[in-house]
Amino acid sequence: MAKLSETSSKLVIFFTICSLFVSQSTAAFSIGVNYGTVADNLPPPSQVASFIKDQTSIDRVKIFDANPDILRAFANSDIPAVSKLSAAVSWVANNILPFYPTTKIHRIAVGNEVIATAEKTLIAHLLPAMKSLHAALNLAGISSIQVSTPHSLGILSSSEPPSSGRFRRVYDRVIFAPILEFHRQTNTPFMVCPYPFFGFTPNTLDYALFKPNGGVFHHATGINYTSMFDAQLDAIYSAMKRLGYDDVDIVVAETGWPSAGDPDQTGVNMDNAVSYNGNLIKHVCSGEGTPLMPNRTFETYVFSLFNEDLKPSTSERNFGLFRPDLSPVYDVGILRNGQIAIDLSNPPRKDDVS
Ligand SMILES: *[C@@H]1O[C@H](CO)[C@@H](O)[C@H](O)[C@H]1NC(C)=O
Ligand SMILES: *[C@@H]1O[C@H](CO)[C@@H](O)[C@H](O)[C@H]1NC(C)=O
């Protein structure tokens, strides 16, 4: 699977912090967004925080470590190091305690799509690092910050039909069962990055975009899938269930669709981005769930907040809901009052996340 996140292609992977911006939103749904910063033209984080809080109904933000401020803080941390409790304790002291609880940090994600790196040392230290961070947070008296790690769909060896979903062999018992056990014991979610954008063919474009389509019918289960997103989530769920962990919650750490691409690129345009992200938000907040997980909502982080001009390809540069000047690329129902009034003269506020 192609990679969008800043950290996923790097060998040294640090941490991601999800901050919960307090929102006065009365919107019927709540939605998160990935705040990627592979760009040289974005407004300062403090201004972004005010904008999100005042102008949108986005109520959760996932920050990647490529943010220069975050990078500095994380420069000396990596997963193998933090798997030692003493290192985790000082990491929490240096990187969480100064900001908490002024910034409502909701979750620390250890690395991003670590299994997909195929780096044996990183993978072996992933769960120990999660456990050490959890223990260090407890020692600091913090029980409200969750520890998790996002996974790409590449962790599955089978996903079609979704009921046959299973984790890659050997990894299932050795890596995923212990990770899921950690999630069960700490009441934290398994985080996944489903991207129908990387799974569609010209024939399944409408199915990937949540547009009306003929469905994908599976005789074995009698289930007629009408969205690829549901099929991908159900494949993950089936893999978890196969190991006996269907009670662990699932969070959608990343998903999205670009609004522009290269001229010859199929399926990439503004209408399709509006369809995917707009319907995605409605769907995950509707409480409808998926065929195998009926009547559930999924905490979901859209990728991405901004168009990022330093990404390598045209489509990767155009995943954003907003331009660097904070104007919307398109609206998927997250703007307050259906319009925005931006006051660029607002001085950054000291207590905002940075
Ligand atoms: C699956 O659902 C689609 C959309 O509602 C419908 O067009 C199709 O006939 C259904 N297929 C089956 C086998 O039920
Ligand atoms: C889901 O909700 C519907 C409508 O309220 C209900 O009929 C159905 O039994 C529920 N399914 C489950 C598995 O809870």
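All of the points below concern the structure found in this document. Bear in mind the structure is a predicted one, so any value in this text is a computation, not a measurement. (Residues numbered from 1 in each chain as written. Chains lettered and ligands numbered in written order. Predicted model: local features only at pLDDT ≥ 70, side-chain atom pairs only at ≥ 80, totals over all residues. Heavy atoms only, no water.)

### What about the layout of surface pockets?
Here the idea is plain: a probe the size of a water molecule rolls over the atoms and shows the empty space left.
Phase 1 of the analysis: By volume, the largest pocket is sized at about 250 Å³.
Phase 2 of the analysis: In this structure, the largest pocket is lined by 13 residues; those nearest its centre are L153, S159, G199, M228 and Q232.
Phase 3 of the analysis: Counting residues per element, the lining of the largest pocket draws most heavily on helix 8 (residues 228-242), which supplies 3 residues. (1 Å grid on protein atoms, 1.4 Å probe; cavity = no way out; pocket = protein on both sides within 12 Å on 5 of 7 lines; lining within 4 Å. Points joined across faces, edges and corners; volume = space filled by probe spheres on them. Helix = DSSP H or I, 4+ residues; strand = E, 2+ residues; numbered from the N terminus.)

### Observations concerning the packing of helix 5 (residues 120-139) against helix 6 (residues 171-186)
Relative placement of two packed helices is described by the angle separating their axes and the distance separating the axes.
Phase 1 of the analysis: It is the contact of helix 5 with helix 6, at a shortest axis distance of 10 Å, that shows an interaxial angle of 10 degrees. Taken together, the axes of helix 5 and helix 6 lie roughly parallel to each other. Where helix 5 abuts helix 6, its residues I123, L126, L127, M130, K131 and H134 lie against Y171, I175, P178, I179, F182, H183 and T186.
Phase 2 of the analysis: When grouped by side-chain class, the residues that make up the contact of helix 5 with helix 6 number 9 nonpolar, 3 polar and 1 charged. (Axes fitted to C-alpha atoms, helices over the stretch in contact; angles between N-to-C directions. Parallel < 35°, antiparallel > 145°, perpendicular 65-115°, else oblique. Contact = heavy atoms within 4.5 Å. Nonpolar A, V, L, I, M, F, W, Y, C, P; charged D, E, K, R; others polar.)

### Some words on the side chain of T290
Phase 1 of the analysis: Inspection of the secondary structure puts T290 in the loop between helix 9 (270-286) and strand 13 (300-302).
Phase 2 of the analysis: Every residue in contact with T290, bar those within four places of it in the chain, is listed here: D230, L233, D234 and F298.

### Quick notes on helix 5
Phase 1 of the analysis: Its 20 residues place the ends of helix 5 29 Å apart at the C-alpha level, agreeing with the 28 Å of an ideal helix rising 1.5 Å per residue.
Phase 2 of the analysis: The axis of helix 5 is deflected most strongly, by about 40 degrees, at L126, and proline P128 appears within four residues downstream.
Phase 3 of the analysis: Where helix 5 is concerned, the buried positions are L122, I123, L126, L127, A129, M130, S132, L133, A136 and L137. (Expected span 1.5 Å × (residues − 1). Bend = angle between axes of the 7 residues up to and from the residue. Buried < 20%, exposed > 50% of the residue type's maximum accessible area, 1.4 Å probe, protein only.)

### What about the site of ligand 1?
Phase 1 of the analysis: As a structural note, the neighbourhood of ligand 1 is formed by N213, G214, F217, N224 and T226.
Phase 2 of the analysis: Contact distances for ligand 1 include 2.3 Å between an oxygen atom and a side-chain N or O atom of N224.
Phase 3 of the analysis: Protein burial of ligand 1: of its 360 Å² of free accessible surface, 41% is covered by the chains.
Phase 4 of the analysis: Taken together, the residues that form the shell around ligand 1 break down as 1 nonpolar, 4 polar and no charged. (Near = heavy atom within 4 Å. Polar contact = N/O pair within 3.5 Å; in protein donor to acceptor, adjacent residues only side chain to side chain. Areas by Shrake-Rupley, 256 points an atom, 1.4 Å probe, with all protein chains shown as cover.)

### So, the pairing of strand 2 (residues 31-35)
Phase 1 of the analysis: Here strand 2 lies mainly inside the structure; 5 of its 5 residues are buried.
Phase 2 of the analysis: The two faces of strand 2 match: I31, V33 and Y35 on one face and G32 and N34 on the other face are all buried.
Phase 3 of the analysis: The pairing of strand 2 with strand 3 (residues 58-63) spans 5 bridges and is parallel. Opposite I31, over in strand 3, you have I58 as the bridge partner.
Phase 4 of the analysis: Of the crossover connections in this fold, the one passing from strand 2 over helix 1 (residues 45-55) to the parallel strand 3 is right-handed.
Phase 5 of the analysis: Sheet topology places strand 2 next to strand 13; 2 bridges connect them, and they run parallel. Within strand 13, the position partnered with G32 by the bridge is Y301. (Pairing = 2+ DSSP bridges. Right-handed = clockwise from strand over helix to strand, strands pointing away.)

### Some thoughts on the pattern of salt bridges
Phase 1 of the analysis: Here the structure, examined in full by the defined rule, presents 5 salt bridges.
Phase 2 of the analysis: Note that R184 is salt-bridged to D247, the shortest N-O span being 2.7 Å. Of this pair, R184 sits in helix 6 while D247 sits in the loop between helix 8 and strand 12 (250-255), and the two are 63 residues apart along the sequence.
Phase 3 of the analysis: A residue is classified by how much of its surface remains accessible, and R184, at 34% relative accessible area, is partly exposed.
Phase 4 of the analysis: Of the charged contacts, one joins R296 and D249 as a salt bridge, the two residues approaching to 3.6 Å between their closest N and O atoms. Within this pair, whereas R296 is found in the loop between helix 9 and strand 13, its partner D249 is found in the loop between helix 8 and strand 12, the two being separated by 47 residues in sequence.
Phase 5 of the analysis: On the accessibility criterion, D249 (40% relative accessible area) is partly exposed.
Phase 6 of the analysis: A cluster of three or more residues bridged by salt bridges with shared partners is formed by E181, R184 and D247. (Salt bridge = Lys/Arg side-chain N within 4 Å of Asp/Glu carboxyl O.)

### Examining the nonpolar core
Phase 1 of the analysis: In terms of nonpolar packing, the biggest core is built from 95 residues, with F167 and F190 touching the most fellow members.
Phase 2 of the analysis: In this structure F167 touches I155, L156, S157, D172, F176, L180, F190, A239, M240 and L243, once residues within four positions along its chain are discounted. (Core = buried A, V, L, I, M, F, W, Y, C linked by side-chain atoms within 4.5 Å.)

### Notes on the packing of aromatic side chains
Phase 1 of the analysis: Under the definition given, this model contains 16 aromatic pairs.
Phase 2 of the analysis: On the basis of an interplanar angle of 90 degrees and a centroid distance of 5.7 Å, the ring pair of F197 and F319 is categorised as edge-to-face. Placement of F197 in the loop between strand 9 (190-193) and helix 7 (205-208) and of F319 in the segment after strand 13 is noted, with a sequence separation of 122 residues between them.
Phase 3 of the analysis: Residue F197 is classed as buried on the basis of its relative accessible area, which comes to 9%.
Phase 4 of the analysis: Taking relative accessible area as the criterion, F319 reaches 1% and is therefore assigned buried.
Phase 5 of the analysis: An aromatic cluster is present here, built from Y195, F197, F198, F200, F210, F229, W257, Y276, F303 and F319 joined pairwise through their rings. (Phe/Tyr/Trp six-rings, centres within 6.5 Å; stacked < 30°, edge-to-face > 60°.)

### Section: the environment of Y171
Phase 1 of the analysis: Structurally, Y171 is set in helix 6.
Phase 2 of the analysis: Residues contacting Y171, with those up to four places away along its chain left out, are I115, I123 and F176.

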